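# Inside the fold
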Amino acid sequence: MNLDLKLPCLPVPSLNEAVLRRSLSALGKIKEQNERRWGGGGSPAFDNRKEKIRKRLQGAVNPAQELQKIQATEVGWQRLLLSLYVESHGQDWLPPFDEGLAAQILGNDGAQWNASRRRQVTQLFFERFDSLPALSFIASALRAAYSSPGSPSGGSTALWASTCSTIFQLDGPKGVASAVKSGETLAQLMERHGIPNTGRYSEKLRQIYLLESIQRCALGAEPEALAEIEKEKTQPAIDSLPLGAAALRILVTRVEGEEHRKWPEGWRKWLSRLGCDPRIGRHTAEGAKWWGWATASQWNLAVQGIIGLSLKFFFDFLDGTVSAHQWEERRQFLETCFEAGKIVDARLVLNAQCMQRLPVKMRDKWNTANLSSTTEDTCIIALRCTDDIYVLEGTHSYGLRAFHRSFPVQGFWERTRQQYGDAELRISPNRCPVFVRHNGNWVRNFLNELRSAFHVEWSPRRR
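The structure reproduced in this document is the subject of the present report. Owing to the predicted nature of the structure, the values given are computational and were not obtained by experimental measurement. (Residues numbered from 1 in each chain as written. Predicted model: local features only at pLDDT ≥ 70, side-chain atom pairs only at ≥ 80, totals over all residues. Heavy atoms only, no water.)

Tracing the sequence through the fold places Asp277 in the loop between helix 16 (270-273) and helix 17 (285-291). In this structure Asp277 comes out as buried when scored by relative accessible area, which is 6%. With sequence-adjacent residues up to four places away left out, Asp277 is seen in contact with Ser272, Trp291, Ile306, Trp366 and Asn367. (Helix = DSSP H or I, 4+ residues; strand = E, 2+ residues; numbered from the N terminus. Buried < 20%, exposed > 50% of the residue type's maximum accessible area, 1.4 Å probe, protein only. Contact = heavy atoms within 4.5 Å.)

Encoded structure:
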């Protein structure tokens, strides 16, 4: 009997890419576990020795001298100390991790590190980042470690190896943030670069990502980043500035360069929310904290933004208190003065009812004062202008008043008081150098009065 023992061709095996990816990831984790074990970390003997060194340093009068003794007597002190620095989060019982100590512990060539050493230094870099005196040394060594042959091929370590020239830099967070893709969230950006969720590096990256959101948004847009920055505005950020001050610098610089110094309406309210009212000045402690970075021109631009916000609120209060025609003329007059650069400070004096309508953040001495003994129809805006001119304008039948070189209410612009009676600001026409009622061509009459009474020439045209 003849047997046919010929076998048919077997199909070429094919493996799903997803299955391979999961397997490689599992192998990577096993490898990391073995590296931790082989590196000496985590064993009871290693942990006991490390704890003894920790107690010696914590109990030392001079930790630096104690460290010298440890270096002279402890075998393998480099691995023990590095593990303590990784875990310490910067406690002061450990001597500073400066370049001298870093070179003693790590050597001068990161390319010679084993996987365990590379992992520990990476953790130290992400955890402590800008608080490390040896940051430049460590960053350079990590770039060499991840650029060397045999760099890891899976997990986060593979991501770090592929982008080490960007991540491991003194300004690494800025480099990572600049690589953000359109519509990419911070979480997605961090995942793409393998950045841990905790530590100083991720904190700096988050700050820069928020600031970049303001830098890249449409002029006048209000991204969620503004509210996030407001919550953390006092946190140290870039260039020794608080986060809020760094955001203010972006807003002012953009208005200065992109909008010909004209503030978008949506950005004005953020000037005090991200820092403080610029009218407080740059020479006080509070003013210097938020506005110390600004040039005189930039500071004046910020003040103009706040004044524009005050004028907008005044327009809202004025609306409906006088006839539509008169209201339009008053609004145009104040806008013309503002856009011509004539107004250098403004303060609303509001009756109790109107004050309640004002946002709480505007109810401070720089923006407002209370007007007492008055009607529900009356609100007043006081303007300090160029050429030593002071103007009082009000709602309803309040006449336009102007003064030269001195304001009739002492301490008003120094904000020494928060409440004024109606009679204090409703200066009698007999005591006003310039008093104009809102009748006929009152704007031209007002400009003529400035010319004749004060020898000051104001143009009725906007710049």
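Anyway, onward from the coordinates.
Our focus in this paragraph is the side chain of Thr378. Tracing the sequence through the fold places Thr378 in the loop between strand 2 (368-372) and strand 3 (379-385). One polar contact links Thr378 to Thr375, side chain to side chain, over a distance of 2.9 Å. If we ignore the near neighbours within four places in the chain, the residues touching Thr378 are Asn351, Leu371, Thr395, Asp422 and Arg426. (Polar contact = N/O pair within 3.5 Å; in protein donor to acceptor, adjacent residues only side chain to side chain.)

Per the counting criterion, the structure on display carries 21 aromatic pairs. With 6.0 Å between their ring centres and 40° between their planes, Phe126 and Phe168 make a pair best called tilted. Here Phe126, found in helix 6 (residues 115-128), pairs with Phe168, found in the loop between helix 9 (164-167) and helix 10 (172-178); they are 42 residues apart in sequence, far enough to count as distant. Relative accessible area serves as the criterion here: at 3%, Phe126 is assigned to the buried category. Using a relative accessible area of 0% as the deciding quantity, one classes Phe168 as buried. Ring centres of Phe333 and Trp442 lie 5.4 Å apart, and the angle between their planes is 70°; on these two criteria the pair is classed as edge-to-face. With Phe333 in helix 19 (residues 324-339) and Trp442 in helix 22 (residues 442-454), the pair connects residues that are 109 residues apart, well separated along the chain. Looking at Trp442, the relative accessible area reads 1%, which means it is buried. Positioned over the ring face of Trp290 is Lys233, at 5.4 Å from the centre of the ring. Here the basic side chain of Arg347 rests over the ring of Phe412, its NZ or CZ set 4.9 Å away from the ring centre. (Phe/Tyr/Trp six-rings, centres within 6.5 Å; stacked < 30°, edge-to-face > 60°. Lys NZ or Arg CZ within 6 Å of the ring centre and 35° of its normal.)

This part covers the environment of Gly194. Assignment of secondary structure puts Gly194 in the loop between helix 11 (186-193) and helix 12 (200-216). Separated by 31 residues in the primary sequence, Gly194 and Thr163 have C-alpha atoms spaced 9.6 Å apart. Gly194 has contacts with Leu159 and Trp160, leaving out every residue within four places of it along the chain.

Turning next to the nonpolar core. Grouped together as the largest cluster of nonpolar side chains are 51 residues, with contacts concentrated most on Leu57, Leu81, Phe97, Ile105, Phe125, Ile138 and Phe168. Considering each element in turn, this core owes the most residues, eight residues, to helix 7 (residues 135-147). Setting aside anything within four residues of it in sequence, one finds Ile105 in contact with Trp77, Gln78, Leu81, Leu82, Tyr85, Phe97 and Arg117. Listed in part, the 37 residues of the second largest apolar core include Ala346, Leu358, Met362 and Ile389. (Core = buried A, V, L, I, M, F, W, Y, C linked by side-chain atoms within 4.5 Å.)

Here we take up the sheet that holds strand 3. In any sheet, the strands associate via hydrogen bonds between backbone groups, in a parallel or an antiparallel arrangement. If you trace the seven strands from one edge of the open sheet to the other, you get 6-2-1-3-4-5-7, paired in mixed fashion. With partners counted over all chains shown, the strands left at the sheet margins are strand 6 (419-421) and strand 7 (434-436), one partner each. On average, each strand axis in the sheet is tilted by 25° relative to the strand beside it, whichever way the strands run. One ladder, built from three bridges, connects strand 2 with strand 6; its direction is parallel. Residue pairing for strand 6: Asn370 is matched across the bridge by Gln419. Lying over the sheet, helix 22 contacts strand 4 (389-394), strand 5 (400-404) and strand 7, oriented at roughly 170° with respect to strand 7. (Pairing = 2+ DSSP bridges. Axes fitted to C-alpha atoms, helices over the stretch in contact; angles between N-to-C directions.)

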